[in-house]
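Residues per chain are reported as follows:
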Amino acid sequence: EAGVAQSPRYKIIEKRQSVAFWCNPISGHATLYWYQQILGQGPKLLIQFQNNGVVDDSQLPKDRFSAERLKGVDSTLKIQPAKLEDSAVYLCASSRDRSSYEQYFGPGTRLTVT
Amino acid sequence: AQSVTQLDSQVPVFEEAPVELRCNYSSSVSVYLFWYVQYPNQGLQLLLKYLSGSTLVKGINGFEAEFNKSQTSFHLRKPSVHISDTAEYFCAVRAGRSGGSNYKLTFGKGTLLTVNP
């Protein structure tokens, strides 16, 4: 079974620019997560989708971050405009459903904002 | 809400030595506990989990962990480490089956295990 795919793997942008990340979860997984992992810290949940609906976006900075999962499969996370403090690894994960205890993680996208 | 404290940010050890990575958690409800490993430039991989039952759980790559409810701890151990175990290790917690509908996974800050020859 193919794992969680993410692209790009690396991205360097200047502050105030916009950027988008893409995630393709494991086939059949209803729940999709976006995490932000700042250097030296553990992953922090930004947003959780169940199919194409948002379950939890309480820690998403909604003034600059947005995410969608239109057809309940792929998802995109966008930052506009980016700030220096957005430099981090953005991890996508998926699970069979929201009560499943195991989440499967993609390799992440490393964002550097200069 | 749950929280996780990993007591050591870095643990250097020599090859074939035993290692323990410490994790304490806080929660007002029953919990599920996890250890994940992250190799350089890779995503997180589940090492082991505690859901219920035996408090000693065994995972991949020879790792094990013991759930101690009275001390709210879930320390990770390996009797003999290898160079290839060098990685960052994250302890994580979420509400268990009787803990309501909040399935959010909360991670600790991680422990960098460096195995030296």
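I will try to describe carefully the structure that is included in this document.

Parameters and conventions
Every residue gets a number counted from 1 within its own chain, in the order that chain's sequence is written. Starting at A for chains and at 1 for ligands, labels are handed out in the order in which the entities are written. Local features in this predicted model are restricted to residues whose pLDDT is 70 or higher, and side-chain atom pairs enter the listing and the counts only when it is 80 or higher, whereas totals over whole chains, interfaces and linings include all residues. The basis for every side-chain value is the complete set of heavy atoms in the structure, and neither hydrogens nor water enter the calculation. Throughout this description, the term nonpolar core refers to a set of buried Ala, Val, Leu, Ile, Met, Phe, Trp, Tyr and Cys residues connected via side-chain atoms within 4.5 Å. When a residue's accessible area, from a 1.4 Å probe over protein chains only, is under 20% of the maximum for its type it is buried; when over 50% it is exposed; and in between it is partly exposed. We call two residues contacting when some pair of their heavy atoms lies within 4.5 Å. In this description a helix means any DSSP run of H or I spanning at least four residues, a strand means any run of E spanning at least two, and both kinds are numbered starting from the N terminus. Two strands pair under a simple rule: DSSP has to find at least two bridges between them. Should a side-chain nitrogen of Lys or Arg be within 4 Å of a carboxyl oxygen of Asp or Glu, the pair is scored as a salt bridge. Definition of a polar contact: a pair of N or O atoms within 3.5 Å, with one able to donate and the other able to accept a hydrogen when the atoms are protein atoms, and with sequence-neighbouring residues admitted only if both atoms are side-chain atoms. The classification used treats Ala, Val, Leu, Ile, Met, Phe, Trp, Tyr, Cys and Pro as nonpolar, Asp, Glu, Lys and Arg as charged, and all other residues, Gly among them, as polar. In what follows, a disulfide is any cysteine sulfur pair within 2.5 Å.

Considerations on the nonpolar core
Leu33, Trp35, Leu47, Leu48, Phe74, Leu76 and Tyr89 of chain B are the most contacted members of the largest nonpolar core, which has 28 residues in total. In contact with Tyr89 of chain B, not counting residues within four places along its chain, are Gln6, Leu21, Trp35, Tyr36, Val37, Leu47, Phe63, Leu76, Gly110, Thr111 and Leu113 of chain B. The next biggest cluster of nonpolar side chains, apart from the first, holds 21 residues, and it includes Cys23, Leu60, Phe65 and Ile79 of chain A.

Regarding the pairing of strand S8 (residues 75–79) of chain A
Residue and element names in this part refer to chain A. The side-chain alternation of S8 yields one buried face, formed by Ser75, Leu77 and Ile79, and one unburied face, formed by Thr76 and Lys78. Pairing between strand S3 (residues 19–24) and S8: five bridges, direction antiparallel. Note that in S8 the partner of Trp22 across the bridge is Thr76. As paired strands, strand S7 (residues 65–68) and S8 are joined by four bridges and run antiparallel to one another. Looking across to S8, one finds that Ala67 is bridged to Leu77. Hairpin connection between S7 and S8: a loop of six residues separates the two successive antiparallel strands, and Gly72 in this loop has a positive phi of roughly 75 degrees.

Considering the interface of chain A and chain B
Frequently, the measure chosen for interface size is the accessible area removed from exposure when the parts meet. Each side of the interface is counted separately: chain A has 22 residues, and chain B has 20 residues. For the pair chain A and chain B, the number of links is zero salt bridges. Summed over the shared surface of chain A and chain B, the number is three residue pairs in polar contact (both at pLDDT 80 or more). Here the residues of the side of chain A that touches chain B are counted per class, giving eight nonpolar, nine polar and five charged.

A short note on the state of the cysteines
Throughout the structure, instances matching the rule amount to two disulfides over all chains. In this model, Cys23 of chain A is linked to Cys92 of chain A through a disulfide, with the two sulfur atoms separated by 1.9 Å. One quick way to see it: the torsion about the S-S bond of Cys23 of chain A and Cys92 of chain A is about -70 degrees, and its sign makes the bridge left-handed. You can see Cys23 of chain A sitting in strand S3 and its partner Cys92 of chain A sitting in strand S9 (residues 88–95), a full 69 residues away along the chain. Each member of the pair, Cys23 of chain A as well as Cys92 of chain A, is classed as buried. What pairs with Cys23 of chain B in a disulfide is Cys91 of chain B, and their sulfur atoms sit 2.0 Å apart. Torsion about the S-S bond of the Cys23 of chain B and Cys91 of chain B cystine: about -65 degrees, corresponding to left-handed handedness. Of this pair, Cys23 of chain B sits in strand S4 (residues 23–26) while Cys91 of chain B sits in strand S10 (residues 87–95), and the two are 68 residues apart along the sequence.

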